[in-house]
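# Architecture and fold: a report
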Amino acid sequence: MDIVKYVTPLLGSWQGKNRLRIMPTDDYKDSAATATVEVTAAHFASVAYTWSDGASPQEGLLLLAGGASDEDPATAVWVDSWHTGKALMQFSGTVDGDGILRLNGSYAAPSGPDWGWQIHIHPGETARITMHNIVPGEDPYQVVDLALDR
């Protein structure tokens, strides 16, 4: 399956709630969120979304390409005004047996080895985008839970 076929049920505008925490012991902070999923340049898909950190509006963009299988993995670049600053993050991944697109990337930590970042897209009537931080030597923990309805 290519990425355009994968996102076809998600095409259009969505709204909902973003939940954010920094550390696994922190409480989540909620904010209103929106998202728009589109086919871009015929072979790509984009997920543009908004949320806020307190009174500060934030936005992000995930650009998806390729397939979504082991033979033809999806690739992605991600930017987010709060999470990535001025950097692009690169990802690759596949759709699992539950239909969840699981993307994996990494970023440079202030010192030591790179840390991991996962973005999971869960299609459905309520679509979800979850993001997980991976500290070297630790289990991934969820940082973002973006729940969206039509």
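What this report covers is the structure whose coordinates are included nearby. (Residues numbered from 1 in each chain as written. Predicted model: local features only at pLDDT ≥ 70, side-chain atom pairs only at ≥ 80, totals over all residues. Heavy atoms only, no water.)

### Observations concerning a nonpolar patch on the surface
Operational definition: Each patch is built from residues that are more than 30% exposed by relative accessible area and take part in no salt bridge. Like charges join if they lie within 9 Å; nonpolar side chains (Val, Leu, Ile, Met, Phe, Trp, Tyr) join within 5 Å. Accessible surface is estimated by sampling points in the Shrake-Rupley manner with a 1.4 Å probe; for residues, cover comes only from the protein chains shown. One side-chain nitrogen of Lys or Arg within 4 Å of one carboxyl oxygen of Asp or Glu is enough to make a salt bridge. By the criteria applied, helices consist of DSSP H or I runs no shorter than four residues and strands consist of E runs no shorter than two, each listed in order from the N terminus. Residue exposure (1.4 Å probe, protein chains only): buried if accessible area is under 20% of the type maximum, exposed if over 50%, otherwise partly exposed.
A contiguous nonpolar surface patch, about 270 Å² in accessible area, is contributed by Ile22, Met23 and Trp82. Along the chain, Met23 turns up in the loop between strand E1 (12-20) and strand E2 (29-40). The partly exposed category is assigned to Met23, whose relative accessible area is 42%.

### Quick notes on empty space enclosed by the protein
The test is simple: Two kinds of site are reported from a 1 Å grid over the protein atoms alone, namely cavities, where a 1.4 Å probe fits but cannot get out, and pockets, open sets with protein on both sides within 12 Å along at least five of seven lines, and residues are called lining when an atom falls within 4 Å of a point. Grid points are joined across faces, edges and corners, and a volume is the space filled by probe spheres set on the points. Side-chain classes follow a simple rule in which Ala, Val, Leu, Ile, Met, Phe, Trp, Tyr, Cys and Pro form the nonpolar group, Asp, Glu, Lys and Arg form the charged group, and the remainder, Gly included, forms the polar group.
Under the counting rule described, the total for this entry stands at 2 cavities of 30 Å³ or more. When its volume is computed, the largest cavity comes out at roughly 90 Å³. For the largest cavity, the full set of lining residues is Val7, Leu10, Trp14, Ala35, Val37, Val47, Ile121, Ala127, Arg128, Ile129 and Leu148. Secondary structure elements with two or more residues in the lining of the largest cavity: E2 and strand E9 (127-134). Considering every element that reaches the lining of the largest cavity, the biggest residue donor is E9, with 3 residues. When its residues are assigned to classes, the lining of the largest cavity shows 10 nonpolar, no polar and 1 charged. Taken as a whole, the second largest cavity spans an internal volume of roughly 30 Å³.

### Some remarks on the layout of surface pockets
Of the pockets and cavities examined, the largest pocket occupies roughly 200 Å³. Taken together, the residues that form the lining of the largest pocket break down as 8 nonpolar, 3 polar and 1 charged.

### Here's the deal with the sheet that holds E9
Short version of the rule: Any two strands with at least two DSSP bridges between them are considered paired. Axis geometry follows a simple rule: fit a line to the C-alpha atoms, using only the stretch in contact for helices, then measure angles between N-to-C directions, giving values from 0 to 180 degrees.
The sheet built from 10 strands closes into a barrel, its strands ordered E1-E2-E3-E4-E5-E6-E7-E8-E9-E10 with antiparallel pairing. Adjacent strand axes in the sheet meet at a mean angle of 25 degrees when their direction is disregarded. One ladder, built from 5 bridges, connects strand E5 (residues 74-80) with strand E6 (residues 89-95); its direction is antiparallel. Considered in E6, the bridge of Thr75 is made with Ser92.

### Examining the environment of Ala147
As a reminder of what qualifies: Contacts are residue-level and defined by heavy atoms, with any inter-residue pair within 4.5 Å sufficient.
The residue Ala147 is located in strand E10 (residues 141-149) in this model. Judged by its relative accessible area of 17%, Ala147 is buried. Sequence separation of Ala147 and His122 is 25 residues, and the distance between their C-alpha atoms is 9.4 Å. With sequence-adjacent residues up to four places away left out, Ala147 is seen in contact with Gln15, Gly16, Lys17, Thr126, Ala127 and Arg128.

### Observations concerning the side chain of Gln58
This is how the line gets drawn: Two N or O atoms form a polar contact when they lie within 3.5 Å of each other; inside protein one atom must be a possible hydrogen donor and the other a possible acceptor, and for residues adjacent in sequence the pair counts only when both atoms belong to side chains.
Within the secondary structure layout, Gln58 lies in strand E4 (residues 56-66). One polar contact links Gln58 to Ser56, side chain to side chain, over a distance of 2.9 Å. If near-sequence neighbours (up to four positions away) are discounted, Gln58 is found in contact with Tyr49, Thr50, Trp51, Ser52, Asp53, Ser81 and Trp82.

### Side note on the nonpolar core
We apply this condition: We define the nonpolar core as a collection of buried residues of types Ala, Val, Leu, Ile, Met, Phe, Trp, Tyr and Cys that are connected through side-chain atoms lying within 4.5 Å of one another.
Within the largest apolar cluster, 34 residues are counted, with the highest numbers of intra-cluster contacts made by Leu62, Leu64, Trp78, Leu103 and Ile119. With 5 residues, E10 is the largest single contributor of residues to this core. Leu62 has contacts with Ala45, Ser46, Val47, Ala76, Val77, Trp78, Leu103, Ile119 and Ile121, leaving out every residue within four places of it along the chain.

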